[in-house]
Amino acid sequence: TFCVFQLSTAQDLSELYEQVLPGVVVIETSESQLTGTDADKRKVSVGGLGTGFLYSANQVITAAHVVQTADKISVRFYDGETIPGKVISSYKGADVALIELVWERKNAKVLTVGNSDEVKIGHQVFIVGAPLGLEYSLSSGYISGRWSSNRMSNPFTQIEYFQTDAAINKGNSGGPMFNFK
């Protein structure tokens, strides 16, 4: 998911990080799975981890694959507040999901979704997420490639892909990518 953040020439990346941090969330999921042999089946709980961002005071955007099989979703903010959530909309084709929080976040720092049509190869970006469980980590890089669905075979779905050299690992899924526009 692509978010736009305004950059003043007097700001550095650490200042921008501190400004967006309250709007980035860590998403923990759990789901029940059957394991074992036919004679000895057991139900186990499997945890998952992803990232997202606050879209409104009670809604979070993340990747569909982070939450699509979850039985339980917990959304944790940088200050430690954790709010349960549920998926209210999901589109697997674009790998995007909307989570509704059980209660509204007080003093919510809502992040703005940017216009991806304005993104160009060479633009500098940064990512805040939970790679490999290292919550609220920052990585930065550049947009190094861009592909749109008009170059693909399915005429009924329009999807864009951005390639970046910013480090993105397991746990970053669903999190925002910020540019410096």
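Just so it is clear, the model here is predicted, and its values are computed rather than measured.

Moving on, we come to the sheet that holds strand 3 (residues 42-56). Spatial ordering of the closed barrel is given by 2-3-4-7-6-5, a layout of 6 strands whose pairing is antiparallel. Averaged over all adjacent pairs, the angle separating strand axes in this sheet is 40 degrees, with direction ignored. Pairing geometry for strand 4 (residues 59-62) and strand 7 (residues 96-101), over 4 bridges, is antiparallel. Along strand 7, the bridge assignment pairs T62 with A97.

Our focus in this paragraph is the nonpolar core. Grouped together as the largest cluster of nonpolar side chains are 16 residues, with contacts concentrated most on V20, L111, F126, V128 and F178. Those elements that provide at least two residues to this core are helix 1 (13-20), strand 2 (24-35) and strand 8 (124-129). The element best represented in this core is helix 1, accounting for 3 residues. The residues touching V128, leaving out its near neighbours within four places in the chain, are Y17, V20, L21, V24, T51, Y136, S137, L138, N172, P176 and F178. Counting residues in hydrophobic clusters, the runner-up holds 15 residues, among them V25, V60, A63 and I99.

Definitions and cut-offs
- Along each chain, residues carry numbers from 1 onward, in the same order as the chain's sequence is written.
- Predicted model: local features are reported for residues with pLDDT of at least 70 only, side-chain atom pairs are reported and counted for 80 or more only, and whole-chain, interface and lining totals are derived from all residues.
- Think of the side-chain values as coming from all heavy atoms in the structure, minus any hydrogens and water.
- The pairing criterion for strands is at least two bridges between them, as found by DSSP.
- Secondary structure is summarised from DSSP: a helix means a run of H or I of at least four residues, a strand means a run of E of at least two, and numbering begins at the N terminus for each.
- Comment: axis = line fitted to C-alpha atoms, over the contacting stretch for helices; angle = value between 0 and 180 degrees taken between N-to-C directions.
- Nonpolar core, defined: a set of buried Ala, Val, Leu, Ile, Met, Phe, Trp, Tyr and Cys residues in which side-chain atoms within 4.5 Å join the residues together.
- Each residue is placed in one exposure class: buried if its accessible area under a 1.4 Å probe, protein chains only, is under 20% of its type's maximum, exposed if it is over 50%, and partly exposed if it falls in between.
- We call two residues in contact whenever any of their non-hydrogen atoms come within 4.5 Å of each other.

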